Amino acid sequence: MGKVLLGCVVLMLAGMVPLLAHHSPAAFDRTKEVTLKGTVKEFRWQNPHTWIEVNVPDDKGNVVLWGVELTSPTYLIRAGWKSNSIKPGDKVTVIVNPVRTGEPAGIFQKLILADGRELTERPARLGNANAK
Amino acid sequence: MRSSLSRIALAIVTAAGVSVSACDATAPAAPGSAPATESAAPATQPGVQLSALAPANVAKSRPAAPFDLTGNWFIDTTESADAWRFGPPYPKLTPAAQVHFDASQKAAREGKVYRDDIGQCWPAGLPLIMTRYWPMAMVQIPTAIYMVSGFMNSLRIVYLDGRPHTELDIIVRTFNGESIGHWEGDALVVDTIGFRGDHHWMDQGGASIPAGEQLHIVERIRLINGGKQLEIEYTMTDPEHWEGEWKSMKRFNRVDDEDIQEVSCLPDLNEHLQSTTSKAQVR
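As the structure is a computational prediction, the values presented were derived from the model and not from experiment. (Residues numbered from 1 in each chain as written. Chains lettered and ligands numbered in written order. Predicted model: local features only at pLDDT ≥ 70, side-chain atom pairs only at ≥ 80, totals over all residues.)

1. So, the overall build of chain A
- A tally of regular secondary structure across chain A gives one helix and six strands.
- Put simply, chain A runs from its N terminus to its C terminus through helices and strands in the order β-β-β-α-β-β-β.
- Looking at the 132 residues of chain A, the share that counts as buried comes to 41%.
- Relative to all contacts within chain A whose residues are 6 or more apart in sequence, the contacts with residues 24 or more apart total 57%. (Helix = DSSP H or I, 4+ residues; strand = E, 2+ residues; numbered from the N terminus. Buried ≥ 20, exposed ≤ 12 C-beta atoms within 10 Å, placed from the backbone. Contact = placed C-beta atoms within 7 Å.)

Listed below in structure tokens is the structure:
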């Protein structure tokens, strides 16, 4: 997966990530980023999680299907997403924190569209009552 | 396990409607006046517990509630993103719980997740359902508080109509238990028993402490900061799994710009969230 794993960056974010998933977030390595360049297979806009499946070619000519988990549409909408922000066939770059086992799955950090526009998540409301 | 949002929504809508009726009917009925509705009839039958939504129950004379929790509430994470957890500190565990706690710590050190039943679509249950990263909608009427979590639409009902707990030999055990509340000064004290003792945990990942059938939770709830915040003091016992009282204080912020939505753990959810079927999962 040489081309798949374009970079693993130590972010020192461990312990700062709230529980946004319905499952435990401990499976993800929050200290690493993996950059995926590929083609969207599916984008599902639903609760409790939106997900993206991306076909990513590796340096051996294989195509690896990566699963990317995102937060719920409620919070994606507040970050500028729409249900049609991406669609099957779109060429995208997705940055994720991968699962620790090396399997092709990760939790979403950032998406870069073919035209260069970027989409991120905003956190679910954090902090006190005045936080927006 | 699947949510029944339509029924829950109907309950809330009904509750809200009844609440208005109850407010309109705060004055005692005139002596000799006819029952408000035919549904009052069962009240005359001994041994029958009126529904919390029965108009005859809602309209009963009782002291005014010190505050109204109606609203959407979200765990306050000002001090820590881990505020959803109820520890550390943890109480002294029994051997029956320690084995699971140690296994989850070992799994965490190995980058794995021990028995994440919530991730496998089992209900979070009390107390974790209160602190998920989705708002909790609450609708209060004189006889009950209906709580619906934005997380899997988990339903919790706190009865305020003076009913006792159900006898343990007929209670239907659930993940949120059976909650009975009463008012003490400026606080609502909620007593909850009747929990499921399987696939029910006090934490999710790294500190796996089971919640058993003997789990007993007392919540002392206050509305603070001019109604902007909810404060809940938890006192939890479960002699099968820890010694003494496990105490934790949580604050929740009122959310006025967001409603909960229909959320279900559908069969295809985890099929597309590879982390839930990953080798990182220890069952």
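Moving on from the coordinates now.
2. Remarks on the environment of S72(A)
Residue and element names in this part refer to chain A.
- With respect to the helices and strands, S72 occurs in the loop between strand 3 (63–69) and helix 1 (73–78).
- Residue classification places S72 among the buried residues on the basis of 24 C-beta atoms within 10 Å.
- Along the backbone, S72 and G61 are 11 residues apart, and their C-alpha atoms lie at a distance of 34 Å.
- When near neighbours in sequence (up to four residues on either side) are disregarded, S72 contacts N47, P48, H49 and T50.

3. Section: the interface of chain B and chain A
- Listed per partner, the contact involves 35 residues of chain B and 32 residues of chain A.
- In terms of residue count, strand 10 (residues 246–255) of chain B provides more of the side of chain B that touches chain A than any other element does, three residues in total.
- Residue classes in the side of chain B that touches chain A are distributed as 13 nonpolar, 15 polar and seven charged. (Nonpolar A, V, L, I, M, F, W, Y, C, P; charged D, E, K, R; others polar.)

4. Side note on the pairing of strand 5 (residues 105–113) of chain A
All names here are of chain A.
- Pairing of strand 3 with strand 5, which is carried by three bridges, proceeds in the parallel orientation. The residue of strand 5 that forms the bridge with E69 is I107.
- Two elements, strand 4 (residues 91–98) and strand 5, share seven bridges in a ladder whose sense is antiparallel. If you follow V94 over to strand 5, its bridge partner there is L111.
- What sits between strand 4 and strand 5 in their antiparallel hairpin is a turn of six residues, with G102 showing a positive phi close to 90°.
- Relative to strand 6 (residues 118–120), strand 5 runs antiparallel, the two being bridged by three bridges. Counted as the bridge partner of I112 is E118 from strand 6.
- What sits between the antiparallel neighbours strand 5 and strand 6 is a turn of four residues, in which G116 has the positive phi angle 95°. (Pairing = 2+ DSSP bridges.)

5. A word on unusual backbone geometry
- Following N47(A), the chain continues into P48(A) via a peptide bond in cis, with omega recorded as -5°.
- Looking at the element boundaries, P48(A) is found in the loop between strand 1 (34–44) and strand 2 (51–57).
- In this structure, the amide linkage connecting G87(B) to the following residue, P88(B), adopts the cis form with an omega of 0°.
- With respect to the helices and strands, P88(B) occurs in the loop between strand 1 (71–75) and helix 3 (95–109).
- A positive phi is found at N153(B), a non-glycine position, where the angle reads about 55°.
- Relative to the elements of secondary structure, N153(B) occurs in the loop between strand 4 (144–149) and strand 5 (155–159).
- Of note in the backbone geometry, N225(B) takes a positive phi value of approximately 50° without being a glycine.

6. Looking at helix 3 of chain B
All names here are of chain B.
- When the terminal C-alpha atoms of helix 3 are compared, their 21 Å separation across 15 residues agrees well with the 21 Å that a helix rising 1.5 Å per residue should span.
- Contacts from the buried residues of helix 3 go to strand 2 (113–114) and strand 11 (281–282).
- Residue G111 follows helix 3 closely and has a positive phi angle near 75°. (Expected span 1.5 Å × (residues − 1).)

7. A closer look at the confidence of the model for chain B
Residue and element names in this part refer to chain B.
- Confidence along chain B averages 86 in pLDDT terms, with 84% of residues attaining 70 or more.
- Every residue in residues 1–43 is under pLDDT 50, and counting partners more than four places away or in other chains gives 50 contacts.
- For this predicted complex, the interface confidence comes out at an ipTM of 0.75, alongside a pTM of 0.82. (pLDDT = per-residue confidence, 0-100.)

8. Things to note about the nonpolar core
- Counting residues in each nonpolar core, the largest one holds 86 residues, and the members touching the most others are I52(A), V54(A), V68(A), V94(A), V96(A), M138(B) and I145(B).
- Taken together, domain 1 (5–58) and domain 2 (71–282) of chain B each give at least three residues to this core, which thus spans both.
- Apart from residues no more than four positions distant in its own chain, I145(B) is found in contact with L69(B), M138(B), Q140(B), V158(B) and L160(B). (Core = buried A, V, L, I, M, F, W, Y, C linked by C-beta atoms within 7 Å. Domains from an automatic or database assignment.)

9. Some words on the pairing of strand 4 of chain B
Residue and element names in this part refer to chain B.
- Extensive coverage of strand 4 is indicated by the burial of six of its six residues.
- The side-chain alternation of strand 4 yields two buried faces, one formed by A144, Y146 and V148 and the other by I145, M147 and S149.
- Pairing between strand 3 (residues 136–141) and strand 4: six bridges, direction antiparallel. Across the sheet, Q140 pairs through a bridge with I145, a residue of strand 4.
- The antiparallel hairpin formed by strand 3 and strand 4 contains two residues in its connecting segment.
- Relative to strand 5, strand 4 is paired through five bridges, and the arrangement is antiparallel.

10. Let's talk about the confidence of the model for chain A
All names here are of chain A.
- When pLDDT is averaged across chain A, the result is 81; 77% of the residues are at 70 or more.
- Of all secondary-structure elements in chain A, the lowest mean pLDDT belongs to helix 1, at 89, while strand 1 reaches the highest, 97.
- Contacts for the low-pLDDT stretch residues 1–19, under 50 throughout, to residues beyond four places or in other chains number 42 contacts.

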